[in-house]
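Here are the chains, one letter per residue:
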Amino acid sequence: MKTDVAIDNILSSYDKYGGINFEEAQNFPNRQNVIDILHDIHFLIFPGFRTADDIDRETLRYVTGQRVNRIVSMLTREIKKALLYTVHNAEVEQSHCFKLAEQTSLALIEEIPELRRKIGRDVQAAYDGDPAAKSTKEVIVSYPGLEAIVVYRVAHFLGENGVPVIPRIMTEYAHSRTGIDINPGAEIGESFFIDHGTGVVIGETTVIGNNVKIYQGVTLGALSVKKELMNKKRHPTIEDNVTIYANSTILGGQTVIGHDSVIGGNTWITRSVPPNSTLTQGKRQDPTN
C-alpha cells in the first residue's frame, strides 16, 4: 500500500533528521502536559472563573485538593525531564532529579497564596487604570494582559527556582494566546497593567518597578542580539509609576526610565530618561525645564 511506504518514509525521517520526543526520562518536557498544568494552576488562582467546574463551598476543598495533587504529580515529572535533559550527565541520578523536581513543585503550591496576592494587585491595577473596566471580575475573565501576567508570574517563580525550559514553554503559550511576549526572566514589580496588549515584548533582562502601565505594541528590548551577550543585561529598567503609551520602543541594558515618567506613543528611546519626565516624539519635558 502507498500509505505503508509513506509511513516508512516518515519513520526514516525521524532517524535521519531527529526532532522526536520520546517519553524516556532524558528528553524534553511535553508541551501539552505543561499547558494542562497551567490550566490547573489557573484554577487555583481564580477558582470558578476560567474552567467549567461547578464548585461551591462544600466541594471547593475536594476540587482544590484534586488540582493540587495533579499539579504536583505532572509538574514533578516534567521538571525531572527538563533537569535531566539540561544536565546531559549520565552520572546524575534520576532519583536526585526527581527529589529536586518534587521539592520545586511543592514550593510552587506553597507559593500560590503569595502569587494570588500579587495577581490580585495586578487585577486592581487593571480595574483602576482602565475606565472601560466595569468590575475586577470582568478583568479576570476577559483581559489578555492579565492572562499574560498570571502566566509570567508562575513561570518566573519556576525560573527563579532553577527550572529550565518549562518557564519558556509557559510564557510562549501565553504569547500565542494573547500576543504578549514576556520572557520569564524579566523582573516585574507589583500592580502591573498591560492595556490591550497585542504586540507587547518584554525582554529577558528587563526590570520593571511597581505601578507601571504599558499599552499595546510596546517593546522593552535589546540594542544588540549577539549571542555572546546572553549573560549580560540587555534590556531596559523601568522605575516605579511609569506609563508607556502604544508602540513605544525602549532599548538597551543601560537605559533607565526614571520614576513617575510618561513615555508618549511611537517614541524610540535608547538613552535614559530622568524621573518625572514627559517624553513625546521630538520633545522632552523634565523638572529642570
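Let me begin by describing the structure that accompanies this report. The shown structure was predicted, so the numbers you read here are calculated from the model rather than taken from an experiment. (Residues numbered from 1 in each chain as written. Predicted model: local features only at pLDDT ≥ 70, side-chain atom pairs only at ≥ 80, totals over all residues. Heavy atoms only, no water.)

Remarks on the packing of helix α6 (residues 144-160) against helix α7 (residues 166-178)
Think of two packed helices as two axes; the pair is described by the angle between the axes and how far apart they sit. Rules: The convention used is that axes are lines fitted to C-alpha atoms, helices contributing only their stretch in contact, and that angles between N-to-C directions extend from 0 to 180 degrees. Secondary structure elements follow DSSP: runs of H or I no shorter than four residues count as helices, runs of E no shorter than two count as strands, and numbering proceeds from the N terminus. Here is the rule for angles: anything less than 35 degrees is roughly parallel, anything more than 145 is roughly antiparallel, 65 through 115 is roughly perpendicular, and the remaining ranges are oblique. When checking whether two residues touch, look at their non-hydrogen atoms; a contact exists if any pair is within 4.5 Å. Residue polarity is assigned by list, with Asp, Glu, Lys and Arg as charged and Ala, Val, Leu, Ile, Met, Phe, Trp, Tyr, Cys and Pro as nonpolar; anything else, Gly included, falls into the polar class.
It is the contact of α6 with α7, at a shortest axis distance of 8 Å, that shows an interaxial angle of 175 degrees. Of the possible angle classes, the one that applies to α6 and α7 is roughly antiparallel. Facing α6, whose interface residues are P144, E147, A148, V151, Y152, V154, A155, L158 and G159, α7 presents I166, P167, M170, T171, A174, R177 and T178. Its residues placed into classes, the contact of α6 with α7 shows 11 nonpolar, three polar and two charged.

Examining the sheet that holds strand β8 (residues 237-238)
Strand pairing in a sheet relies on backbone hydrogen bonds. The paired strands run either parallel or antiparallel. Put simply, the test is: DSSP bridges decide pairing: two strands pair if at least two such bridges lie between them.
Pairing within the open sheet is parallel, and its four strands lie in the order β2-β5-β8-β11. Edge positions in the sheet fall to β2 (187-188) and β11 (256-257), since each has one partner strand and no second. Where strand β5 (residues 207-208) meets β8, two bridges bridge the pair, whose relative direction is parallel. When the sheet's bridge partners are listed, V207 is paired in β8 with T237.

Observations regarding the sheet that holds strand β13 (residues 268-269)
If you trace the five strands from one edge of the open sheet to the other, you get β1-β4-β7-β10-β13, paired in parallel fashion. Of all the strands in the sheet, the pair left with one neighbour each is β1 (181-182) and β13.

Describing the packing of aromatic side chains
Worth spelling out the cut-off: Ring pairs are drawn from Phe, Tyr and Trp, using the six-membered ring of Trp, whenever the two centres fall within 6.5 Å, and their geometry is named by plane angle: stacked under 30 degrees, edge-to-face over 60, tilted for the rest. To sort residues, take the accessible area from a 1.4 Å probe on protein chains only and compare it with the maximum for the residue type: under 20% means buried, over 50% means exposed, and anything in between is partly exposed. Think of it as a cone above the ring: NZ of Lys or CZ of Arg counts as a charge over the ring if it is within 6 Å of the ring centre and within 35 degrees of the ring normal.
By the definition in use, this model includes three aromatic pairs. With centroids separated by 4.8 Å and ring planes inclined at 80 degrees, the aromatic side chains of F28 and Y85 adopt a geometry described as edge-to-face. Of the two residues, F28 sits in the loop between α1 (2-17) and α2 (31-45) while Y85 sits in helix α3 (residues 60-87), which places them 57 residues apart along the sequence. Judged by its relative accessible area of 34%, F28 falls in the partly exposed class. With 4.9 Å between their ring centres and 20 degrees between their planes, Y215 and Y245 make a pair best called stacked. Highlighted residues: Y215 in the loop between β6 (213-214) and β7 (219-221) and Y245 in the loop between β9 (243-244) and β10 (249-251), separated in sequence by 30 residues. Given the relative accessible area of 36%, Y245 is considered partly exposed. The residue whose ring lies beneath R67 is F43, and the NZ or CZ to ring-centre distance is 4.5 Å.

Side note on the pattern of salt bridges
Short version of the rule: The salt bridge criterion pairs a side-chain nitrogen of Lys or Arg with a carboxyl oxygen of Asp or Glu, the two atoms within 4 Å.
Here the structure, examined in full by the defined rule, presents 11 salt bridges. One salt bridge connects E78 with R77, and the closest N-O pair in it is separated by 3.8 Å. Exposure remark for E78: the relative accessible area of 0% places this residue in the buried category. Taken together, the salt bridges that share partners define one network made up of E114, R117, R121 and E190.

Some points on the nonpolar core
Defined as follows: The set of buried Ala, Val, Leu, Ile, Met, Phe, Trp, Tyr and Cys residues whose side-chain atoms join them within 4.5 Å is what this entry labels a nonpolar core.
Formed by 47 residues in total, the largest nonpolar core has its most connected members in L146 and M170. Of all elements in the fold, only α2, α3, α4 (94-129), α5 (136-142), α6 and α7 reach the threshold of two or more residues within this core. In contact with L146, other than residues within four places in its own chain, are F46, I119, D122, V123, V139 and I140. Judged by nonpolar contacts, the second largest core, of 25 residues, contains I180, V218, I238 and I244.

Here we look at the packing of α2 against α6
At a closest axis distance of 11 Å, the pairing of α2 and α6 adopts a crossing angle of 105 degrees. Here α2 is positioned roughly perpendicular relative to α6, judged by the angle of their axes. In contact with L38, I41, H42 and I45 of α2, α6 contributes E147, V150, V151 and V154. By residue class, the composition of the contact of α2 with α6 is six nonpolar, one polar and one charged.

A look at unusual backbone geometry
Phi angles above zero are rare outside glycine, and S191 is one such case at about 55 degrees. By secondary structure assignment, the location of S191 is in the loop between β2 and β3 (193-194). Among the residues examined, S191 registers a relative accessible area of 9% and is labelled buried.

Observations concerning α1
Operational definition: By this rule the span expected of a helix is its residue count minus one, scaled by 1.5 Å.
Along its 16 residues, α1 runs 22 Å from first to last C-alpha, staying within 8% of the 22 Å computed at 1.5 Å per residue. Just downstream of α1, G18 is the residue with a positive phi angle, here 75 degrees.

Regarding a nonpolar patch on the surface
Heads up, the condition is: Every patch collects residues that have over 30% relative accessible area and no salt bridge, joining them within 9 Å if they carry like charges and within 5 Å if they are nonpolar side chains (Val, Leu, Ile, Met, Phe, Trp, Tyr). The accessible surface values rely on the Shrake-Rupley method and a 1.4 Å probe; as for residues, cover is taken only from the protein chains in view.
A contiguous nonpolar surface patch, about 430 Å² in accessible area, is contributed by I7, I10, L11, Y14 and I20. Among the residues examined, I20 registers a relative accessible area of 37% and is labelled partly exposed.

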